[in-house]
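Geometric and topological summary
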Amino acid sequence: MSDTLKRLMLWLAIVGALYGIAKLVEVKDLDGPRRPLPPASPSQPQMPPAPPAWSNSVPSRPPVGRTPEQPTFDILVQEAAVQGDSIGTGFQVAPQTWVTAKHVMESCTRSYIRVQGKWQEIQSVRMHEIADVAVITSPLPDGAPRVSLTDRLPVMDQDGFHYGFPQGIPSSVYSRFVGMARIRPGRPGTPIVRGWVWAEQERTPPSTGTLGGISGGPQVDRTGAVQGITVLHSERAGRVTTTPVQRAKELLPPQVTYAAAGGTTIDPENYARHGSRVRESGAVALIFCSLKGKTRPRSGA
């Protein structure tokens, strides 16, 4: 065999070996793990997922039954002169967007909301012209979860659960739906509105007296979906009245939609545990109203 032929065969062998190595590297690259995505840009930081609002994720079936078509209760609201600073409750329905009662906000020069143990000043307030409902915004993202609104109406004898801070104390109220009310505000010329009436069954922790401070808090059904905003309490009759959540939707941006259910299961045995979770997570928060704007909430309040 000539030297020229030998050199040609050696060259072909080298080329073949290099081609085989290249194919092996290609196969290993395709079969290996996917490369991680590049880190987020500093201008678009990744936010940690919000914690769940409720203490479990086992969904309940929504209650079914009859919803009254006409009021069976007449409620006359006694207007009281505002004497000083006050408190209320709000619940988050979208990032930095909260629902509360109108009467919690309408006398405030400045107001604050405490989310996950931290106070922040409320940035803006929108009040309904007729109904006792307001929408507020907070200035900072806080990672608090949101609760779902539903357009399902309450049905007779269904369970209701109210969460908030009556008398400034984190509390939960278990009630039962008993009918529709015609609410007559005490101020002359104010339109008559309608609300839902609930018979109080139990409080946790046990207490007596007024539920003042729970105003603006959510009333949810057994799925954890909000049907109303707590606005009135009759201590003598043991009844709680709520504004239908549909009135809040009239103030909210279109991105806030209704949900068929809230995604959990609440009953008379575990409602207090759910209340602790929904408050600690920041989905339900304490509101402080400074009448003259000169006072601020204490850090430990």
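Residues numbered from 1 in each chain as written. Predicted model: local features only at pLDDT ≥ 70, side-chain atom pairs only at ≥ 80, totals over all residues. Heavy atoms only, no water.

A few points about the sheet that holds strand 14 (residues 284–290)
Strands sit in the order 5-4-14-2-3-7-6 across an open sheet of seven strands; the sheet is antiparallel. Two strands lie at the open edges of the sheet, namely strand 5 (118–121) and strand 6 (124–127), each paired on one side alone. Recorded for the sheet is a direction-independent mean angle of 30° between the axes of neighbouring strands. Taken together, the three bridges between strand 2 (residues 86–94) and strand 3 (residues 97–100) define a ladder with antiparallel strand orientation. The residue bridging Gln92 from the neighbouring strand is Trp98, located in strand 3. (Pairing = 2+ DSSP bridges. Helix = DSSP H or I, 4+ residues; strand = E, 2+ residues; numbered from the N terminus. Axes fitted to C-alpha atoms, helices over the stretch in contact; angles between N-to-C directions.)

Looking at the pattern of salt bridges
Between side chains of opposite charge, pairing is possible as soon as their charged atoms come close. Evaluation of the coordinates by the stated rule reveals seven salt bridges. Glu121 is paired through a salt bridge with Arg110; the nearest N and O atoms lie 2.9 Å apart. Residue Glu121 is located in strand 5, and its partner Arg110 is located in strand 4 (residues 110–115); the two are separated by 11 residues in the primary sequence. By relative accessible area, Glu121 is classed as partly exposed at 30%. Salt bridges here are not isolated pairs; linked through shared partners, they connect Asp74, Arg182 and Arg184. (Salt bridge = Lys/Arg side-chain N within 4 Å of Asp/Glu carboxyl O. Buried < 20%, exposed > 50% of the residue type's maximum accessible area, 1.4 Å probe, protein only.)

Some words on the side chain of His274
Considering the arrangement of structural elements, one finds His274 in helix 4 (residues 271–280). Residue classification places His274 among the buried residues on the basis of a relative accessible area of 0%. From its side chain, His274 meets the backbone oxygen of Thr265 in a polar contact 3.3 Å long. (Polar contact = N/O pair within 3.5 Å; in protein donor to acceptor, adjacent residues only side chain to side chain.)

A look at the environment of Pro139
Looking at the secondary structure, you find Pro139 in the loop between strand 7 (134–137) and strand 8 (159–164). Relative accessible area serves as the criterion here: at 34%, Pro139 is assigned to the partly exposed category. With 18 residues separating them in the primary sequence, Pro139 and Glu121 have C-alpha atoms 7.3 Å apart. Setting aside residues up to four positions removed in sequence, Pro139 forms contacts with Gln96, Gln120, Glu121 and Gln123. (Contact = heavy atoms within 4.5 Å.)

What about the nonpolar core?
Counting residues in each nonpolar core, the largest one holds 42 residues, and the members touching the most others are Phe91 and Val99. Here this core takes four residues from strand 14, the largest share from any one element. Excluding anything up to four places from it in sequence, Phe91 contacts Thr97, Trp98, Val99, Val147, Leu149, Gly216, Gly217, Pro218, Val226, Ile229, Ala283 and Val284. If you look at the next biggest cluster of nonpolar residues, it comprises eight residues, including Val173, Phe177, Leu211 and Val240. (Core = buried A, V, L, I, M, F, W, Y, C linked by side-chain atoms within 4.5 Å.)

Focus on unusual backbone geometry
Residues Thr204 and Pro205 are joined by a peptide bond in cis, for which omega reads -5°. Note on placement: Pro205 falls in the loop between strand 10 (193–204) and strand 11 (218–220). A positive phi angle is found at Gln96, which is not glycine, with a value near 65°. With respect to the helices, strands and loops of the structure, Gln96 is situated in the loop between strand 2 and strand 3. We classify Gln96 as partly exposed; its relative accessible area is 27%. Phi at Gln116 takes a positive value of approximately 50°, unusual for a residue other than glycine.

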